[in-house]
Amino acid sequence: PVHHMPQVVAGLMKEQIVPSLYEVATFKLERKVDLGPFTHTVDDALPLRKAALSIFATCLENLPASLDIASFMPVLAKALGDVEDVQLQAHQIVISMCVRQPAYIVAAVESFVEPLEKTMHKKQGQKTGTELERLQEWIKSALRTMLALSKLEG
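One structure accompanies this document, and this report is about it. Keep in mind that this is a model prediction, so the values were computed, not measured.

1. With respect to the overall build of the protein chain
Logical step 1: The number of helices and strands found in the protein chain is six helices and two strands.
Logical step 2: With the C-alpha coordinates aligned to their principal axes, the bounding extent of the protein chain is approximately 50 × 40 × 25 Å.
Logical step 3: Residues classed as buried in the protein chain amount to 36% of the 154 residues present.
Logical step 4: Long-range pairs, those at least 24 residues apart, make up 62% of the contacts in the protein chain between residues at least 6 apart in sequence.
Logical step 5: Accessible surface, the protein chain as shown: approximately 9300 Å² in total, 58% of it carbon and sulfur.
Logical step 6: The average position of the 16 basic charges and that of the 18 acidic charges among the side chains of the protein chain differ by 3 Å.

2. Structural notes on helix α2 (residues 46-62)
Logical step 1: Helix length check: α2 (17 residues) gives 24 Å between terminal C-alpha atoms against 24 Å at 1.5 Å per residue, within 8%.
Logical step 2: Every buried residue belonging to α2 is among Arg-49, Ala-52, Leu-53, Phe-56, Thr-58, Cys-59 and Leu-60, and all of these are buried.

3. Let's talk about the environment of Thr-119
Logical step 1: Take Thr-119: it is sitting in helix α5 (residues 102-120).
Logical step 2: Under the relative-accessibility criterion, Thr-119 is labelled buried at 1%.
Logical step 3: Along the chain, Thr-119 and Glu-23 lie 96 residues apart, while their C-alpha atoms are 24 Å from each other.
Logical step 4: When neighbours within four sequence positions are excluded, Thr-119 is seen to be in contact with Leu-80, Gln-87, Trp-138, Ile-139 and Ala-142.

4. Details of the packing of α2 against helix α4 (residues 84-100)
Logical step 1: Contact pair α2 / α4: the axes reach a minimum separation of 10 Å and the direction vectors enclose 15°. Considering the angle they form, α2 stands roughly parallel to α4. In this structure, α2 crosses over α4, and the sense of that crossing is left-handed. Contacts between α2 and α4 involve Leu-46, Arg-49, Lys-50, Leu-53, Ser-54, Phe-56, Ala-57, Leu-60 and Glu-61 from the first element and Asp-85, Val-86, Gln-89, Ala-90, Ile-93, Met-97 and Arg-100 from the second.
Logical step 2: Grouping the constituent residues of the contact of α2 with α4 by class yields nine nonpolar, two polar and five charged.

Cut-offs applied
Counting restarts for each chain: residues are numbered from 1 in the order of the written sequence. Reporting of local features is limited, given that this is a predicted model, to residues whose pLDDT is at least 70; pairs of side-chain atoms are given and counted only at 80 or more, and all residues count toward the totals for whole chains, interfaces and linings. Side-chain metrics rest on all non-hydrogen atoms present in the structure, leaving aside hydrogens and water. Runs of H or I in DSSP of at least four residues are treated as helices and runs of E of at least two as strands, each being numbered from the N terminus. Under the scheme applied here, a residue whose accessible area is under 20% of the maximum for its type counts as buried, over 50% as exposed, and between as partly exposed, the area being computed with a 1.4 Å probe on protein chains only. Residue contacts are defined here by distance: any two heavy atoms, one from each residue, within 4.5 Å place the two residues in contact. Here the Shrake-Rupley method, with its probe set to 1.4 Å, supplies the accessible areas, and only the displayed protein chains count as covering residues. Counted charges follow a simple rule, with Lys and Arg positive, Asp and Glu negative, and His plus the chain ends left uncounted. Note that the charge is assigned to NZ on lysines, CZ on arginines, CG on aspartates and CD on glutamates. Expected span, for any helix, means 1.5 Å times one less than how many residues it has. Throughout, an axis means a line fitted to C-alpha atoms (over the contacting stretch in the case of helices), and angles, computed between N-to-C directions, take values from 0 to 180 degrees. Roughly parallel here means an angle under 35 degrees, roughly antiparallel means over 145, roughly perpendicular means 65 to 115, and every remaining angle is called oblique. Two helices cross in a left-handed way if the nearer one is turned anticlockwise from the farther one by less than a right angle. They cross in a right-handed way if the turn is clockwise. Classes in brief: Ala, Val, Leu, Ile, Met, Phe, Trp, Tyr, Cys and Pro nonpolar; Asp, Glu, Lys and Arg charged; the others, Gly included, polar.

Here it is in C-alpha cells:
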C-alpha cells in the first residue's frame, strides 16, 4: 500500500509500523551450522533487515512526514556496518537522503564515517573473478556514498 496508496497506511505509521520497522532493521538471529571441519554462521534475520530497509526507503519517498527520521539515523548507521547486501541498501538510502533530507544526514554524518571507511578499506586478499568484482562494486558504492556526503553543506 505504501507504493500506490500511501494514505491507507499513513495513520498507522508513527505508532504501529515505524517502531516495529526500526526494531526489525537491527534484529540479528545468528546460528552456527556445523559443516564438519569448520562451522558456518547463518544470519536468519538478514531477509528481515533487508525488507525493513526497503520499506523505510519506500516510506522516505512516499510518506516522509509519517517517519521519525531523526530516530532512524542510528539504525541507518548500524546498517552501514552490516553485511554487504544491507550496506548496499543503506548506501542508496543515504545518497537519496542527501538530496531529499540533507539536514538529518548532516546531523548524523559522524556516525556514518567509521562504517563507510571500513568498507572502503576492505582488503582484496585472494579474491578473483566474480568475488573480486563484487568487492570492488561494494567499495565503489561506499565511495559514492562518501562523495554524496562530502557535497553536503554543514
